[in-house]
Each structure stands twice: as C-alpha cells, then as structure tokens.
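What follows is each chain in one-letter form.
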Amino acid sequence: MSGGTGPGRAPGAGKEPPRPGSVRPTSRRLLVAIVVLGAAIGWTMVKAIESGGGVAPMVSWLTLVAWGFLAALLFAAARNTHQRIQVRRERVEPSRAVFLLLIGKASAFVGALCTGVYAGFALSFLGAVSATGPRNRVINAGAAALISVLVVTAGLLLERACRIPDDPEDTP
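**Concerning the layout of surface pockets**
Link 1 in the chain: Computed from the structure, the second largest pocket encloses a volume of approximately 180 Å³.
Link 2 in the chain: In terms of lining residues, the second largest pocket is bounded by Phe75, Ala78, Arg79, His82, Gln86, Leu157, Arg160, Ala161 and Arg163.
Link 3 in the chain: Contributions of two or more residues to the lining of the second largest pocket are made by α2 (61–87) and α4 (132–161).
Link 4 in the chain: In terms of residue class, the lining of the second largest pocket is made up of four nonpolar, two polar and three charged.

**What about the packing of helix α3 (residues 94–124) against α4?**
Link 1 in the chain: Contact geometry of α3 with α4 gives a least axis separation of 7 Å together with a crossing angle of 160°. The orientation of α3 relative to α4 falls into the category roughly antiparallel. α4 is crossed by α3, and the crossing has left-handed handedness.
Link 2 in the chain: By residue class, the composition of the contact of α3 with α4 is 19 nonpolar, seven polar and three charged.

**Quick word on empty space enclosed by the protein**
Link 1 in the chain: In total, this model carries one cavity of 30 Å³ or more according to the counting rule given.
Link 2 in the chain: Estimated volume of the largest cavity: approximately 40 Å³.
Link 3 in the chain: Looking at the largest cavity, the residues that line it are Asn80, Thr81, Arg84, Ile85, Val92, Arg96 and Leu100.
Link 4 in the chain: The set of elements that each furnish at least two residues to the lining of the largest cavity consists of α2 and α3.
Link 5 in the chain: The biggest single contributor to the lining of the largest cavity is α2, with four residues.
Link 6 in the chain: In terms of residue class, the lining of the largest cavity is built from three nonpolar, two polar and two charged.

**Topic: the pattern of salt bridges**
Link 1 in the chain: If you walk through the whole model with that rule in mind, you get three salt bridges.
Link 2 in the chain: Glu90 serves as the salt-bridge partner of Arg88, at 2.8 Å between the closest nitrogen and oxygen.
Link 3 in the chain: What makes Arg88 partly exposed here is its relative accessible area of 43%.
Link 4 in the chain: For Glu90, a relative accessible area of 33% gives the class partly exposed.
Link 5 in the chain: Among the ionic pairs, Lys105 bridges to Glu159, the shortest N-O distance being 3.6 Å. Taken as a pair, Lys105 in helix α3 and Glu159 in helix α4 lie far apart in primary sequence, 54 residues in all. Glu159 matches Lys105 in its accessibility class, with the two residues each being buried.
Link 6 in the chain: Through salt bridges with shared partners, a single network forms among Arg84, Arg88 and Glu90.

How each quantity is defined
Residues numbered from 1 in each chain as written. Predicted model: local features only at pLDDT ≥ 70, side-chain atom pairs only at ≥ 80, totals over all residues. Heavy atoms only, no water. 1 Å grid on protein atoms, 1.4 Å probe; cavity = no way out; pocket = protein on both sides within 12 Å on 5 of 7 lines; lining within 4 Å. Points joined across faces, edges and corners; volume = space filled by probe spheres on them. Helix = DSSP H or I, 4+ residues; strand = E, 2+ residues; numbered from the N terminus. Nonpolar A, V, L, I, M, F, W, Y, C, P; charged D, E, K, R; others polar. Axes fitted to C-alpha atoms, helices over the stretch in contact; angles between N-to-C directions. Parallel < 35°, antiparallel > 145°, perpendicular 65-115°, else oblique. Left-handed = near helix turned anticlockwise from the far one by under 90°. Salt bridge = Lys/Arg side-chain N within 4 Å of Asp/Glu carboxyl O. Buried < 20%, exposed > 50% of the residue type's maximum accessible area, 1.4 Å probe, protein only.

Put into structure tokens, the structure is as follows:
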C-alpha cells in the first residue's frame, strides 16, 4: 500500500488510520478552545451591554432547569446506548447510531460554548460580588456553567457509547 501510514512514516506511527466512513472522537483540546472562546464572548457581551448604558441580562433558574433536563436526557441516552452496543452487543440501525453520534458531538460542542459564555458572564461580575444583584448573577451564571459541563460530559459519553466494539467475533 503506497502512501499509507506505516511505522516511521508519520508522527502517529503505529496507529491505524481511521477506516473510511468512521468519525474521530471529539478533541478535548478543541473543546477547551471553544470554552475559552465562549468565555471571551460572555465577558465581552456584558462589557459591551454595560458600556452602552444597558443592563446585562440575568441567567434565570428556568435556564438551569432546562440545561439540567438536557444533561439528564443525554446521560440516559448514553447509558442506554452503551448498554445496547457495548454490553449486550446489539445491532443498532446505522441511521440511529449516526443520529446519536451527532447528538453527542453537537451537545459537547454547544455545551462547551455555553460553559465558556456562562463562565465569562460570571467572571465579569466578580468585581462587584459584594452587592446582591451581581452576586445572584455570579451564582446563576456559575451554576449554568457547571450544568453546561455536565452537558459536555454527557455528550462525550454518548459519542463514546456509539463506538463499534473492537472484536467483531464477540458479536452474536
């Protein structure tokens, strides 16, 4: 096979190239970069609103409930998918597996962006945390950032659950 990645040919020598039609796992470095970008967006958004004479919005408790519900659904989907594919080695329709994989990846990316935005939002109010209004903003935005981390985690678990087991001979 000419042009292949054999030992000594590429930085990832010894690793097999991904099979055609396969998807690489989500990069943790990319997720961290998205969180940092989101934090910059959150911080800038608050400063821009305040410099324009406006009042930055507050993260509501409903937002926290919605994010928590999404995280719970993703964790349940990840557990169910893991049980079906990894434990019981059941065959899953390809379209369903791709759908679950995409939901997992999208949740990880959106959760990372929201984690950063909420964290940047919370950080922008830390200087005035002695007052009641900013303190509540920091608490709510910080809680939303933590729940967003749960969404990222659940998304990554769902993505991982969609992996095809290594040994096809073990499949009934």
